[in-house]
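Below, each chain spelled out in residue letters.
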Amino acid sequence: MNSQIPTPRQFLEGASLGTRVVVRYRISDGLTDALGDLVAISDTDCTVRTRRAAVVIPLALVVAAKPVPPAPARRATRTVP
């Protein structure tokens, strides 16, 4: 069996927009992750909409990427009697 694992870039280029992903990429101090929905992909970068903001990530800095399950439902607010 000769199945090849796609590179992070190949995965991102083949993923459908709206796919929930985690992308690990290089920053000046090391590495960081962006977790959210893939909302755009181009020849040079991808955009992941996280809970806080849309993060534009240069593909040259990506070291890992994979799909993740949907976010868990938010818990209901508790009321104090």
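Residues numbered from 1 in each chain as written. Predicted model: local features only at pLDDT ≥ 70, side-chain atom pairs only at ≥ 80, totals over all residues. Heavy atoms only, no water.

1. A word on the overall build of the chain
Looking only at helices and strands, one finds 1 helix and 5 strands in the chain. The C-alpha radius of gyration of the chain comes to 15 Å, more than 25% above the 12 Å expected for a compact globule of 81 residues. Dimensions of the chain along its principal axes, counting C-alpha atoms only, are 60 × 35 × 20 Å. When burial is assessed residue by residue, the chain has 21% of its 81 residues classed as buried. The contacts of the chain with a sequence gap of at least 6 include a subset with a gap of at least 24, amounting to 42%. Taking the 11 positively charged and 6 negatively charged side chains of the chain as two groups, their mean positions are separated by 14 Å. (Helix = DSSP H or I, 4+ residues; strand = E, 2+ residues; numbered from the N terminus. Rg over C-alpha atoms; globule rule 2.2 N^0.38 Å. Buried < 20%, exposed > 50% of the residue type's maximum accessible area, 1.4 Å probe, protein only. Contact = heavy atoms within 4.5 Å. Lys, Arg positive; Asp, Glu negative; His and termini not counted. Charge placed at Lys NZ, Arg CZ, Asp CG, Glu CD.)

2. What to know about the sheet that holds strand β3 (residues 45-49)
The strand order across the open sheet formed by 5 strands is β4-β3-β2-β1-β5, and the pairing between neighbours is antiparallel. Because the sheet does not close on itself, it has two edges, and the strands there are β4 (54-58) and β5 (62-67). Strand-to-strand twist of the sheet, defined as the mean angle between neighbouring strand axes without regard to direction, takes the value 40 degrees. Relative to β5, strand β1 (residues 20-27) runs antiparallel, the two sharing 5 bridges. Directly across from Val23, in β5, lies its bridge partner Ala65. (Pairing = 2+ DSSP bridges. Axes fitted to C-alpha atoms, helices over the stretch in contact; angles between N-to-C directions.)

3. Here's the deal with the pairing of β1
For β1 and strand β2 (residues 30-41), the ladder comprises 8 bridges, and the chain directions are antiparallel. Note on β2: the bridge partner recorded for Arg24 is Asp33. The antiparallel pairing of β1 with β2 creates a hairpin that spans 2 residues between the two strands.

4. Remarks on the environment of Arg51
Its location among the elements puts Arg51 in the loop between β3 and β4. The exposed category is assigned to Arg51, whose relative accessible area is 70%. As a C-alpha pair, Arg51 and Glu13 span 38 residues in sequence and 22 Å in three-dimensional space.

Read these as spatial facts, not as claims about activity.
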